[in-house]
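Listed here are the chains, written in short residue letters.
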Amino acid sequence: MKKTQILFIIAAALLAMSCNKKSKDLNYNGENPIIMALHDTIRPDIDSDYDVTMTSGDNNFVTILKDGSVYGKNVGEANINMDNGYNKLTIPVNVELFIEPTFDFGCNADEIIKRHGEPDYRYGDSIVVYGNSNNNNMFVSYACTQMVFYLNNNAKYYESDVYIKKGLEYLLNKYLEDRFVFDTIITNDDDKDYYYYHSKTDSSIKCGKIENANQWEDFCLFYYKADGKGFTTNHTN
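Residues numbered from 1 in each chain as written. Predicted model: local features only at pLDDT ≥ 70, side-chain atom pairs only at ≥ 80, totals over all residues. Heavy atoms only, no water.

Check the secondary structure of the protein chain and you find three helices and 17 strands. Within the span of the protein chain, comprising 237 residues, buried residues form 37% of the whole. In the protein chain, the share of contacts with a sequence separation of at least 24, taken over all contacts with a separation of at least 6, comes to 49%. Accessible surface computed for the protein chain: about 13,800 Å², of which carbon and sulfur atoms make up 47%. (Helix = DSSP H or I, 4+ residues; strand = E, 2+ residues; numbered from the N terminus. Buried < 20%, exposed > 50% of the residue type's maximum accessible area, 1.4 Å probe, protein only. Contact = heavy atoms within 4.5 Å. Areas by Shrake-Rupley, 256 points an atom, 1.4 Å probe, with all protein chains shown as cover.)

Bringing the pattern of salt bridges into the picture now. In this structure the tally under the stated criterion is three salt bridges. Put simply, Glu-211 and Lys-166 hold a salt bridge, and the shortest N to O gap is 2.4 Å. Residue Glu-211 is located in strand E16 (residues 205-211), and its partner Lys-166 is located in the loop between strand E13 (159-164) and helix H3 (169-179); the two are separated by 45 residues in the primary sequence. Glu-211 gets classed as partly exposed once you look at its relative accessible area, which sits at 37%. We classify Lys-166 as partly exposed; its relative accessible area is 38%. (Salt bridge = Lys/Arg side-chain N within 4 Å of Asp/Glu carboxyl O.)

To continue, consider the sheet that holds strand E6 (residues 62-64). The strand order E3-E7-E6 describes an open sheet built from three strands, whose pairing is antiparallel. Each edge of the sheet is formed by a strand with only one pairing partner; in this case those strands are strand E3 (41-42) and E6. With three bridges joining them, E6 and strand E7 (residues 70-72) adopt antiparallel strand pairing. Opposite Val-62, over in E7, you have Gly-72 as the bridge partner. (Pairing = 2+ DSSP bridges.)

Another aspect to go through is the nonpolar core. Counting 31 residues, the largest nonpolar core has Ile-80, Leu-221 and Tyr-223 as the members making the most contacts within it. Counting only elements with at least two residues in this core, the list comes to strand E1 (26-28), strand E2 (34-37), strand E8 (76-83), strand E9 (88-96), E13, H3, E16 and strand E17 (219-225). Setting aside chain neighbours within four positions, we find Leu-221 in contact with Phe-98, Ser-160, Asp-161, Val-162, Leu-172, Tyr-175, Leu-176, Cys-207 and Gly-208. (Core = buried A, V, L, I, M, F, W, Y, C linked by side-chain atoms within 4.5 Å.)

Attention now goes to unusual backbone geometry. Across the junction of Asn-32 and Pro-33, the peptide omega takes the value 5°, indicating a cis bond. One non-glycine residue, His-39, lies in positive phi territory at about 65°. Here His-39 shows up in the loop between E2 and E3. A residue is classified by how much of its surface remains accessible, and His-39, at 14% relative accessible area, is buried.

Here we have four strands laid out as an open sheet, ordered E2-E9-E8-E5, and mixed in their pairing. Where the open sheet ends on each side, the last strands, each with one partner, are E2 and strand E5 (53-56). Adjacent strand axes in the sheet meet at a mean angle of 30° when their direction is disregarded. (Axes fitted to C-alpha atoms, helices over the stretch in contact; angles between N-to-C directions.)

This part is about the side chain of Asn-84. Among the secondary structure elements, Asn-84 is positioned in the loop between E8 and E9. Among the polar contacts made by the side chain of Asn-84, one reaches the main-chain amide nitrogen of Tyr-86 at a distance of 2.9 Å. Contacts of Asn-84, omitting those with residues within four sequence positions, involve Lys-24, Asp-25, Leu-26, Ser-48, Tyr-50, Asp-51 and Val-52. (Polar contact = N/O pair within 3.5 Å; in protein donor to acceptor, adjacent residues only side chain to side chain.)

A separate point is the packing of aromatic side chains. Scanning all chains against the criterion turns up eight aromatic pairs. When the centroid spacing of 6.4 Å and the interplanar angle of 35° are considered together, the rings of Tyr-194 and Tyr-196 count as tilted. Both rings, one in Tyr-196 and one in Phe-222, keep their centres 5.8 Å apart while their planes meet at 80°; by these two values the pair is edge-to-face. Of this pair, Tyr-196 sits in strand E15 (residues 193-199) while Phe-222 sits in strand E17; the two residues are 26 residues apart in sequence, bridging distant segments of the chain. Each member of the pair, Tyr-196 together with Phe-222, is buried. Linked through ring pairs, Phe-98, Tyr-175, Phe-180 and Tyr-223 together constitute an aromatic cluster. Lys-22 extends its terminal NZ or CZ atom over the ring of Tyr-50, reaching a point 5.0 Å from the ring centre. Residue placement shows Lys-209 over the ring face of Tyr-195; its charged tip is 5.4 Å from the ring centre. (Phe/Tyr/Trp six-rings, centres within 6.5 Å; stacked < 30°, edge-to-face > 60°. Lys NZ or Arg CZ within 6 Å of the ring centre and 35° of its normal.)

Shown next as structure tokens:
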């Protein structure tokens, strides 16, 4: 066999070995920190040629499921540790009471769906609902709701709602205290009290809380945007 042929075979073998060689790198490609809703699950976007072991830095707030998903057990902060046998990563996780509803105020239904995809549920033409409502979740969903009582424009969506279980009222109150300033209480014709707040960081964002807003939930936290067009205090779902 000629010398050039031998060199070619050796080079080809070395190239094949280099192509088949696994990388020891461990890369995380998602948001940092990971922000997730209470009792929700998320699977981190990880790149590794080797199997990755994941552990929670605090099982009181975050646990790792068998399929590698992260489960938000309680509202709070924790780290998840990743190890592929060669490299390690630590990623913080913030578990929130819920993920903020969409603030796409002034959009019609088609625009909402175009931006956020098909909703999980639809109730007639007035409510499109996004969110998880399985039995493991203590918050149900949020909705982009058509509010004819707020503005005389039935084709627009001007409010977002979040439905929260009664047992989480203390977390809801803490959420409001941290991010909003109490404004006023208004009682409607059904003797229901609406608690209104305004944002500490964005004066155009208002919100309110009402008990038993719906027959299947205990609390409704609703957001709306004060744009100077004359919002009323009436509210209905």
